[in-house]
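# Understanding the architecture of this molecule
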Amino acid sequence: MKTQVSMILNGEPVEFLAEPRQTLLECLRDTLHLTGTKEGCGDGNCGSCCVTLDGNLVTSCLVLGVEAQGRNVTTIEGIARGNDLHPLQKAFIDHAALQCGICTPGFIVAANALLDAEPDADEERIRAWLANNLCRCTGYDKIVRAVQAAAKEMR
Amino acid sequence: MLQMKPFEYIVAPSVDDAARALGSRADARVLAGGTDLIVQLKSGRREAGLIVDVKRIPELTAIAMNADGLRLGAAAACIHIAANRDVRTHYPALAEVAALIGGTAIQGRASIGGNLCNAAPSADAVPLLIALSASARVAGPAGRREIAVEDFCIAPGKNALAPGEFLVEIFIPKPASGTRAKYLRFIPRNEMDIAVAGVGVAATVVDGKITMARLALASVASTPLFVREVGGALEGQAPSAALIEQAAALAQAAARPISDMRAPADYRRHLCGVLSRRALSAVLG
Ligand SMILES: Cc1cc2nc3c(=O)[nH]c(=O)nc-3n(C[C@H](O)[C@H](O)[C@H](O)COP(=O)(O)OP(=O)(O)OC[C@H]3O[C@@H](n4cnc5c(N)ncnc54)[C@H](O)[C@@H]3O)c2cc1C
Ligand code: FES
Ligand code: FES
């Protein structure tokens, strides 16, 4: 049986129907048609499904859609500032920090959560924080450089 | 995409409501952060007919310190535990463990209560909780009771909770002055891996004498393993390299590891000695 869920999604109230067994990831992609959030592993290891839930970084493949009732969810679609790309998004392009791009939304949402909490995060901290995100293409260095560049710009 | 089998879901507003819901049917399960449970439901390793979400019960997410010790709500997320000022001041090793479970996105959901209830031999928080003399405060159809953490895990994936019972909070007595604690694990990566072996220790030194010492191991038995003998060997003695060596040998001898894809048993036994020596040196040195 489906339950009605109301939450704030990227700053706007939304309502949708979900079966309890559906993950938040599935609800975002298949019901709300926000396909920026990706599924890699489905079990918490790859971070491609990262969103924030009441400000905390989480893997949406391990959250039930019904758990989002009354909560505040931010996805990659909520990161840009109006029509302008977020400094992290610009830095990922400038530093060629993506190839296939599957991991990119997760990395940007995760890095954004870090820079919100710790604007002065250094390279070691950035690497440790992003250990929950996997990339098969870039070898990570360009991603870390992009986050460092964005952090500098945002300070 | 891995689909979970259908189940019902309720949010329990209070401890009593949760106890009633869990007592109402045999296939009910508690949901805290879901970082073990949802993985298990997806893979079919566990099934549930009713999921009882306990994260909106204030008592279950509270982290409260008083003169006696710390009450850690069973469902409090690791990210909040690691950032809590009382935890960082009085239980720095616990703040470290909360920041070591999984990665940042896992810590946003994972609770220490879930780590304990899941009863994995590799659960990183459990050896440290045992070393800190923590107890599990549980509620159920027969009321409330307290279980020492070393008695809580009884087999891989099995805990001492009776049907309908659930964990409300973990109580950690305030360490006596002169107490230090540490958890060390070995994993092949720097983060995001399951302990090949782990060691939690706590010890108190007063006027150059060890007055309390407790050590427990991860990933080397069917449950987290309390090595009581270590306390007996250390208490009443003055810390020294030779004494630490002797205690580490006891820990190594107590380990009953298996060989699996992560490591052969001999290697795990060796790690118990090395990690015990390092952890004991850190708290006694
Ligand atoms: C990518 C990844 C990395 C991980 N890394 C680590 C790691 O480094 N170290 C480690 O130890 N673990 C790790 N884990 C496992 C897991 O994150 C932890 O065990 C975590 O602490 C579980 O807490 P939770 O709140 O998510 O529990 P849940 O998944 O909600 O619950 C776990 C189990 O306990 C039961 N339960 C939960 N709360 C209660 C309660 N209050 N009363 C009764 N029963 C209850 C549930 O029914 C379920 O069976 C990892 C998991 C993932 C997916
Ligand atoms: S899809 Fe969620 S962590 Fe990989
Ligand atoms: S760019 Fe392809 S996985 Fe990261």
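Note that the structure is a prediction, hence the values are computed from the model and not measured. For every chain, the first residue of the written sequence is number 1, and numbering continues from 1 onward in sequence order. Note on labels: chains are lettered from A, ligands numbered from 1, in written order. A pLDDT threshold of at least 70 governs which residues receive local features in this predicted model, and a stricter bar of 80 or more applies before side-chain atom pairs are shown or counted, although totals over entire chains, interfaces and linings include all residues. Only hydrogens and water are set aside when side-chain values are computed; all heavy atoms of the structure are taken into account.

Residue and element names in this part refer to chain B. Paired rings are identified among Phe, Tyr and Trp, the last through its six-membered ring, by centres lying within 6.5 Å, and are further divided according to the angle between planes into stacked (under 30 degrees), edge-to-face (over 60) and tilted (the rest). Inspection of the entire model under this criterion finds 2 aromatic pairs over all chains. With 6.1 Å between their ring centres and 90 degrees between their planes, Phe 186 and Tyr 267 make a pair best called edge-to-face. Note that Phe 186 is positioned in strand 11 (residues 179-186) and Tyr 267 in helix 12 (residues 265-284), a separation of 81 residues in sequence. Buried residues are those whose accessible area, probed at 1.4 Å on protein chains only, stays under 20% of the maximum for their type, while exposed residues exceed 50% and partly exposed ones sit between those limits. According to the relative accessible area criterion, Tyr 267 is partly exposed, its value standing at 34%. Numbering of helices and strands runs from the N terminus, with a helix taken as a DSSP run of H or I at least four residues long and a strand as a DSSP run of E at least two residues long.

Residues and elements named next belong to chain B. Residues in close proximity to ligand 1 total 34 residues, the closest being Val 30, Thr 35, Asp 36, Ser 111 and Asp 124. Take Leu 37: an N or O atom from its main chain is 2.7 Å from an oxygen atom of ligand 1. Two N or O atoms count as a polar contact when they lie within 3.5 Å, although within protein this holds only if one can serve as hydrogen donor and the other as acceptor, and sequence-adjacent residues are included solely when both atoms are side-chain atoms. Here Ser 111 contributes a side-chain N or O atom positioned 2.6 Å from an oxygen atom of ligand 1. All accessible areas in this document rest on Shrake-Rupley with a 1.4 Å probe, and a residue is counted as covered only by the protein chains that are shown. For ligand 1, whose free accessible area comes to 990 Å², the fraction covered by protein is 93%. For the shell around ligand 1, the elements supplying multiple residues, two or more each, are strand 2 (28-31), helix 8 (112-117) and strand 10 (166-173). Distances are taken per atom, and a residue is near a molecule or strand as soon as one of its heavy atoms is within 4 Å of it.

On to the interface of chain B and chain A, then. In this analysis, two residues are considered to be in contact whenever any of their non-hydrogen atoms come within 4.5 Å of each other. Counting residues at the interface gives 29 residues for chain B and 29 residues for chain A. Summed over both partners, the accessible surface that disappears when two parts come together, traced with a 1.4 Å probe, is what is meant by buried area. When chain B packs against chain A, the two sides together hide about 2500 Å² of surface, and 58% of this comes from carbon and sulfur. Salt bridges are defined by distance alone: a side-chain nitrogen of Lys or Arg within 4 Å of a carboxyl oxygen of Asp or Glu. Counting every contact that joins chain B to chain A gives 2 salt bridges. At the junction of chain B with chain A, the criterion picks out 11 residue pairs in polar contact (both at pLDDT 80 or more). Put simply, the parts of the chain that give the side of chain B that touches chain A at least two residues each are helix 2 (37-43), helix 4 (78-83) and helix 7 (104-107) of chain B.

Before going further, it helps to spend a moment on the sheet that holds strand 1 (residues 3-9) of chain A. Residue and element names in this part refer to chain A. For two strands to be treated as a pair, DSSP must find no fewer than two bridges joining them. Pairing within the open sheet is mixed, and its 5 strands lie in the order 2-1-5-3-4. Edge positions in the sheet fall to strand 2 (12-18) and strand 4 (56-59), since each of these pairs with one other strand and no more. Adjacent strand axes in the sheet meet at a mean angle of 40 degrees, parallel and antiparallel pairs treated alike. Looking at chain direction, strand 3 (residues 50-53) and strand 5 (residues 72-74) are connected through 2 bridges and run antiparallel. Pairing of Leu 53 across the sheet is with Val 73, part of strand 5. In the packing of helix 1 (residues 24-31) onto the sheet, contacts are made with strand 1, strand 2, strand 3 and strand 5, and the angle to strand 2 comes to roughly 100 degrees. Across the sheet, helix 3 (residues 104-117) is in contact with strand 3 and strand 4; its angle to strand 3 comes to roughly 40 degrees. Axis lines are fitted through C-alpha atoms, for helices just across the contact stretch, and the angle between N-to-C directions can take any value from 0 to 180 degrees.

A word on helix 12 of chain B. Residues and elements named next belong to chain B. Helix span, expected: 1.5 Å multiplied by one less than the number of residues in the helix. For helix 12, built from 20 residues, the straight-helix expectation of 28 Å at 1.5 Å per residue is met to within 8% by its first-to-last C-alpha distance of 28 Å. Among all positions of helix 12, only Ala 265, Arg 268, Leu 271, Cys 272, Gly 273, Val 274, Leu 275, Ser 276, Ala 279, Leu 280, Val 283 and Leu 284 are buried. Packed against the buried residues of helix 12 are strand 11, strand 12 (197-206), strand 13 (209-218), helix 10 (228-234) and helix 11 (241-254).

For residues with low pLDDT, the predicted coordinates do not support detailed interpretation. Per-residue confidence from the predictor is given as pLDDT, running between 0 and 100. Overall, the predicted model of chain B reaches an average pLDDT of 97, with 100% of residues at or above 70. Model confidence for the complex: the whole-complex pTM is 0.97, and ipTM, which rates the interface, is 0.96.

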